[in-house]
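# Analysis of the macromolecular model
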Amino acid sequence: MEKRKNLYQLAGPIFIEILLFMLLGVADIFMLSQFDDRAAGAVGASNQLIGNLNLIFVIISAGTAVLVAQNVGAKRRDEVEKVSAVSLAMNLIVGIIISISMIFFGDQILIKIGVTPDLMKYASEYITIVGGALFFQAILNTLTAIIRSHGYTKETMIITVIMNIINIFGDAVFIFGLLGVPVLGVKGVAIATTFSRICATIAAFIFLFKKILSIKMFSHLNERPLIVLKKLFKIGFPAAMENMSYSLSQTVLMSIILINLGESAYITRTYVWTIVSFAMLFSIAIGQANQIMIGQLVGAREIEEAYQTGLKNFKIAMIFSVLGGIILFFFGQRFMSFYTQTDSIIMLGAVTLMVDAFLEPGRNFNIVLINGLRGAGDVIFPVVMAIISMWGIGVLGGYFFGIVLGYGLPGIWVGLLLDEWFRGICVLFRWRSRRWTKKALLG
């Protein structure tokens, strides 16, 4: 068993990994924006649906991350193997079912969530290919959870580097017709994205069996797997519900934007979200590292150390969130012009990013501290807060400020801002109450 790693040893590689993973989406959107703004918007809409479907895989992978981390801290190798085997098998089965559904019903779902006819041609191509291979993403999510929870964050980063190189090269080849290859546009981006994920999945399997666990771990599938599955659902389902609530609320807002504000506003939202994702990077990296650290500390019964570690990690992440917000406020227009030359989209995006500058510190509460609660096994409180705040404040507030009062996309962002700050302050009180100390999943 490796010596327990500190925040920087864990968060550094996670930061680079997430940055590179985001570049998958950024590369797709940027290259497609040079091809056709509608193509970029269509991929954004498709990825919103795919993001919702990925949340089904989170049910297992989130539970896997916490259970593996706590059992690593408690030095229970047999339990680690059992949890890993059951989670991989379960997500494979679920992933195959969802992939088949996307091939046959993806178009109908895209129409239901409000994708317009102009975007539908491109969106259909993307969802059939990427959605049809989602079972690879399901497996990759679980493999990453297992590997990271052992503290091997540098290795998952390297796998992501490989994935990005393959994806970006494929994008360039298929969008711009390099090396004599026909220009395939959105279809080419979908092929490149899918192939890169397949390669990453294979690489993750090789590392898992070479360095961490034996392939014989699958023999545990004969040892009452339903008991393990119950534990995975106990932590994973509420965690997935929280993420699902967020993703579905964003899907509703996406439909509100398309129906009430039009394609131009939606395309702007696609670019804004791509830019904002970079401002969230440090918080996400520290949040995921925090979950690993808290899980291992709780597993080792070092409760006071876990409490102090959670607060310290939160304060460090807040510094980066404030700095990110400042950059968005003053350089938003320049960032938008990187994606498009349409003046109306640039100005609308710049104003929206100014609002987001004040949102980011509030989002930091939820990213870092909720991951800490999850690592400790306290998952019910975050999902209750998510349902109340995201829908009662985020969606309704966004509709009120954006549509009723007529402030458009920036108004919708005001609703999101109020949601993040309200929910974040409640989560901070939860952490300080220490009620999570009684939620450890180890018997």
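Position numbers for residues start from 1 in each chain and track the written sequence from start to end. With the structure being a predicted model, the display of local features is reserved for residues of pLDDT at least 70 and the display and counting of side-chain atom pairs for 80 or more, all residues being used for whole-chain, interface and lining totals. Only hydrogens and water are set aside when side-chain values are computed; all heavy atoms of the structure are taken into account.

Each helix corresponds to a stretch of at least 4 residues labelled H or I by DSSP, and each strand to a stretch of at least 2 residues labelled E; elements are numbered beginning at the N terminus. The number of helices and strands found in the protein chain is 14 helices and zero strands. The dimensions of the protein chain, computed from C-alpha atoms along their principal axes, are 55 × 50 × 35 Å. Relative accessibility thresholds used throughout: buried, under 20% of the residue-type maximum; exposed, over 50%; partly exposed, between the two (1.4 Å probe, protein chains only). Scored against the burial criterion, the 443 residues of the protein chain give a buried share of 59%. The contact definition used throughout considers only heavy atoms, calling two residues in contact when any of these lie within 4.5 Å. Contacts spanning at least 24 positions in sequence make up 84% of the contacts within the protein chain whose residues lie at least 6 apart. Values of accessible area rely on a 1.4 Å probe in the Shrake-Rupley scheme; residue burial ignores everything except the protein chains shown. When the accessible surface of the protein chain is summed, it comes to about 17900 Å², and 69% of that surface belongs to carbon and sulfur atoms. Think of it this way: Lys and Arg go in the positive column, Asp and Glu in the negative one, and His and the chain ends go nowhere. A charge is said to be at NZ when it belongs to Lys, at CZ for Arg, at CG for Asp and at CD for Glu. Charged side chains of the protein chain number 35 positive and 25 negative; the gap between the two group centres comes to 11 Å.

What follows covers the side chain of S283. Among the secondary structure elements, S283 is positioned in helix α10 (residues 281-299). Look past the residues within four positions of S283 in its chain and what remains in contact with it is A317, S321, N364, I367 and V368.

What follows covers the confidence of the model for the protein chain. The predictor rates its confidence in each residue with pLDDT, a number between 0 and 100. The pLDDT averaged across the protein chain works out to 89; a share of 97% of its residues lies at or above 70. Least confident of the elements in the protein chain is helix α1 (residues 7-35), whose mean pLDDT is 79; most confident is helix α14 (residues 408-433), at 96.

A few words now on a positive patch on the surface. Residues form patches when they are more than 30% accessible in relative terms and have no salt bridge. Like charges link within 9 Å. Nonpolar side chains (Val, Leu, Ile, Met, Phe, Trp, Tyr) link within 5 Å. The salt bridge definition used is simple: a Lys or Arg side-chain nitrogen within 4 Å of an Asp or Glu carboxyl oxygen. Together, R76, K230, K231, K234, R301, K438 and K439 give the surface a local cluster of positive charge. Following the sequence through the fold, K438 ends up in the segment after α14. Classification of K438 as exposed rests on a relative accessible area of 75%.

Moving on, we come to unusual backbone geometry. Non-glycine residue L179 carries a positive phi angle of around 60°. By the secondary structure assignment, L179 is in the loop between α6 (153-176) and α7 (186-212). Judged by relative accessible area, L179 falls into the exposed class, the value being 71%. One non-glycine residue, R301, adopts positive backbone phi at about 65°. Summarising the element assignment, R301 is placed in the loop between α10 and α11 (303-337).

To continue, consider the pattern of salt bridges. Here the structure, examined in full by the defined rule, presents 12 salt bridges. The partner of E17 in a salt bridge is R148, with the nearest N and O atoms 2.9 Å apart. A residue pair is termed long-range when its members are at least 10 positions apart, and E17 in helix α1 and R148 in helix α5 (residues 134-149) qualify at 131 residues. Here E17 falls in the buried class, since its relative accessible area comes to 6%. Via salt bridges that share partners, D356, E360, R363, D419, E420 and R423 belong to a single interconnected network.

Geometry of a packed helix pair, given as the angle between the helix axes and the separation of the axes. Close contact between α10 and α11 brings their axes to 10 Å; oriented N to C, the two are set at 175°. With respect to α11, the element α10 is oriented roughly antiparallel. Two secondary-structure elements touch here, α10 through F282, S283, I286, N290, M293, I294, L297 and V298 and α11 through I303, E305, A306, T309, G310, N313, I316, A317, F320 and S321. Axis definition: a line fit to C-alpha positions, over the contact stretch in the case of helices; interaxial angles, taken between N-to-C directions, run 0 to 180 degrees. Comment on the angle field: the value is read as roughly parallel under 35 degrees, roughly antiparallel over 145, roughly perpendicular from 65 to 115, and oblique elsewhere.

A few words on the packing of helix α8 (residues 225-261) against helix α13 (residues 380-404). Two elements in contact, α8 and α13, have axes whose closest approach is 8 Å; the angle formed by their N-to-C orientations is 10°. In this view, α8 runs roughly parallel relative to α13, as classed from their interaxial angle. Touching P238, M241, E242, S245, Y246, L248, S249, V252, L253, I256, N260 and L261 of α8 are I380, P382, V383, A386, I387, M390, W391, V395, Y399 and I403, all from α13. Polar here means any residue outside two lists: the nonpolar Ala, Val, Leu, Ile, Met, Phe, Trp, Tyr, Cys and Pro, and the charged Asp, Glu, Lys and Arg; Gly therefore counts as polar. Residue classes in the contact of α8 with α13 are distributed as 18 nonpolar, three polar and one charged.

Here we come to α8. Note on bend: at a given residue it equals the angle between the axes fitted to the 7 residues ending there and to the 7 starting there. F233 marks where α8 bends most, by close to 30°. Phi for G262, located one or two positions after α8, is positive at around 95°.

What follows is about a nonpolar patch on the surface. Where nonpolar side chains cluster on the molecular surface, the patch consists of I319, V322, L323, I326, I327, F330 and F331 and spans about 660 Å² of accessible area. Position of I326 among the secondary structure elements: in helix α11. Classification of I326 by relative accessible area gives partly exposed; the value is 42%.

Let us look at the side chain of T142. You can see T142 is positioned in helix α5. A polar contact of 3.1 Å, which involves the side chain of T142, links it to the backbone oxygen of A138. Look past the residues within four positions of T142 in its chain and what remains in contact with it is S61, T64, S87, L88 and N91. Polar contacts, as counted here, are pairs of nitrogen or oxygen atoms within 3.5 Å of one another; within protein the pair requires one atom able to donate a hydrogen and one able to accept it, and residues that are adjacent in sequence qualify only if both atoms are side-chain atoms.

Examined against the element boundaries, G397 turns out to sit in helix α13. Sequence separation between G397 and G415 is 18 residues, and the spatial gap between their C-alpha atoms is 4.3 Å. The residues touching G397, leaving out its near neighbours within four places in the chain, are G392, G411 and G415.

Turning next to the environment of G325. Structurally, G325 is set in helix α11. In this structure, the C-alpha to C-alpha distance between G325 and T342, residues 17 residues apart in sequence, is 24 Å.

For α11, spanning 35 residues, the distance from its first C-alpha to its last is 48 Å, which sits close to the expected 51 Å at 1.5 Å a residue. Its axis deflected by about 75° at F331, α11 carries its strongest bend there. Multiplying 1.5 Å by the helix residue count minus one yields the expected span of that helix.

With that settled, consider the packing of aromatic side chains. Pairing of aromatic side chains requires ring centres within 6.5 Å, counting the rings of Phe and Tyr and the six-membered ring of Trp. Pairs whose planes differ by under 30 degrees are stacked, by over 60 edge-to-face, and all others tilted. Enumeration over the complete set of coordinates arrives at 17 aromatic pairs. With centroids separated by 4.2 Å and ring planes inclined at 10°, the aromatic side chains of F282 and F320 adopt a geometry described as stacked. One end of the pair, F282, is in helix α10; the other, F320, is in helix α11, and 38 residues separate them in sequence. According to the relative accessible area criterion, F320 is partly exposed, its value standing at 30%. Relative to W436, the ring of W431 lies with its centre 4.1 Å away and its plane at 10°, an arrangement referred to as stacked. Each member of the pair, W431 together with W436, is buried. Taken together, F15, F282 and F320 form an aromatic cluster joined through their ring pairs.

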